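Descriptive analysis of the structure
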Amino acid sequence: GIDRSSGANAYFRPYVVDPGAPTPLTFDQIRTDLAAILVQSGMRPDVAFVNPTTYRALASLFDAQKQYMIVTKDVITGRGQINLEGGVGAISFDGCYFVEDKDATVGNIYYVNTQYVSMQYLPMPLGLVPGMNDEEMAKIQVNDGSHLVPGLALHLEMLAKTGPTDKCEMLSYLQLAVTRPNSCGVRKNVS
């Protein structure tokens, strides 16, 4: 129910720039984006997600002065430590790491301040799991095969039986939570 167009609610308005037509990417555009987010929120985004096509356009800007990194670099963000390989999956520019993401929209750069963005679980409808509430279920750790995943209030629901097999699904209601929208942003129509 927050009107982001109102000047009084600038805290809830992310930085968005859309030139309206595909525009070649330049270093100055990226610096302008990072500076605008710094001015409106007091901090720069530390990660930017781009589609492989946009990533290739960004990487081509660096062709003349490219450095290849072989060792894995540990980066400390607001949400903890992440590992990046600078020559393959990430480009560092003015303190912001550009990460290639196949699910990002082609032609968009999504600037994220990881200190203010997290994934949270939503409460489940009452009565789904007899005898357990959300807080109790969130304490249960799940192992994904290589790491422990923090509790996400998962619950198991049986599906219709077909023949001798029992089928079920594991459900969790997740939502992306941005506690400070003005510290993030997006640039659209990058060619």
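Each remark here, short or long, concerns the structure printed above.
All figures in this text were calculated on a predicted structure; none of them were measured in a lab. (Residues numbered from 1 in each chain as written. Predicted model: local features only at pLDDT ≥ 70, side-chain atom pairs only at ≥ 80, totals over all residues. Heavy atoms only, no water.)

This brings us to the sheet that holds strand β5 (residues 90-93). Across the sheet, 6 strands lie side by side as β1-β14-β7-β2-β6-β5; this open sheet has mixed pairing. Of all the strands in the sheet, just β1 (15-17) and β5 have a single pairing partner and so form its edges. In this sheet, neighbouring strand axes are inclined to one another by 20° on average, regardless of whether the strands run parallel or antiparallel. Of the strand pairs in this sheet, strand β2 (residues 47-50) and strand β7 (residues 109-112) are connected by 4 bridges, and their pairing is antiparallel. (Pairing = 2+ DSSP bridges. Helix = DSSP H or I, 4+ residues; strand = E, 2+ residues; numbered from the N terminus. Axes fitted to C-alpha atoms, helices over the stretch in contact; angles between N-to-C directions.)

Topologically, arginine 180 is positioned in the loop between β13 (174-178) and β14 (185-187). Within the buried core, arginine 180 has no salt-bridge partner, and the shortest N-O distance to an opposite charge, that of aspartate 46, equals 13 Å. One polar contact links arginine 180 to asparagine 182, side chain to side chain, over a distance of 3.2 Å. Residues in contact with arginine 180, not counting those within four places in the same chain, are Tyr11, Ser41, Met43 and Tyr116. (Buried < 20%, exposed > 50% of the residue type's maximum accessible area, 1.4 Å probe, protein only. Lys, Arg positive; Asp, Glu negative; His and termini not counted. Salt bridge = Lys/Arg side-chain N within 4 Å of Asp/Glu carboxyl O. Polar contact = N/O pair within 3.5 Å; in protein donor to acceptor, adjacent residues only side chain to side chain. Contact = heavy atoms within 4.5 Å.)

A word on the pairing of strand β6 (residues 96-100). Burial analysis of β6 places 4 of its 5 residues in the buried class, the great majority of the element. As paired elements, β2 and β6 share 4 bridges and run parallel to each other. Across the sheet, the residue bridging to phenylalanine 49 is valine 99, located in β6. Where β5 and β6 come together, 4 bridges link them in antiparallel fashion. Bridge pairing in β6 links serine 92 to tyrosine 97.

Enumeration according to the criterion identifies 4 aromatic pairs in this entry. Both rings, one in phenylalanine 27 and one in phenylalanine 93, keep their centres 5.1 Å apart while their planes meet at 10°; by these two values the pair is stacked. Of this pair, phenylalanine 27 sits in helix α1 (residues 27-41) while phenylalanine 93 sits in strand β5; the two residues are 66 residues apart in sequence, bridging distant segments of the chain. Here phenylalanine 62 and phenylalanine 93 contribute two aromatic rings whose centre-to-centre distance is 5.9 Å and whose plane-to-plane angle is 75°, an arrangement assigned as edge-to-face. On the criterion of sequence distance, the pair formed by phenylalanine 62 in the loop between α2 (52-61) and β3 (73-77) and phenylalanine 93 in strand β5 is long-range, its members being 31 residues apart. When its relative accessible area of 14% is taken as the criterion, phenylalanine 62 is described as buried. Given a relative accessible area of 6%, phenylalanine 93 falls into the buried group. Among the aromatic residues, those joined into a ring-pair cluster are Phe27, Phe62 and Phe93. (Phe/Tyr/Trp six-rings, centres within 6.5 Å; stacked < 30°, edge-to-face > 60°.)

With that settled, the discussion passes to α1. Taking 1.5 Å as the rise per residue, α1 with 15 residues should run 21 Å; its terminal C-alpha atoms sit 21 Å apart, in good agreement. Among the residues of α1, Gln29, Ile30, Asp33, Leu34, Ile37 and Ser41 are the ones counted as buried. Considered in projection along α1, the buried side chains sweep an arc of 130° and stay on one side of the axis. Exposed side chains of α1 directed beyond 90 degrees from the buried face belong to Asp28 and Val39. Once α1 finishes, glycine 42 follows within two positions and takes phi at roughly 90°, a positive value. (Expected span 1.5 Å × (residues − 1). Arc of directions from axis to C-beta.)

Note that every value here comes from positions in space, so none of it alone points to a role or purpose.
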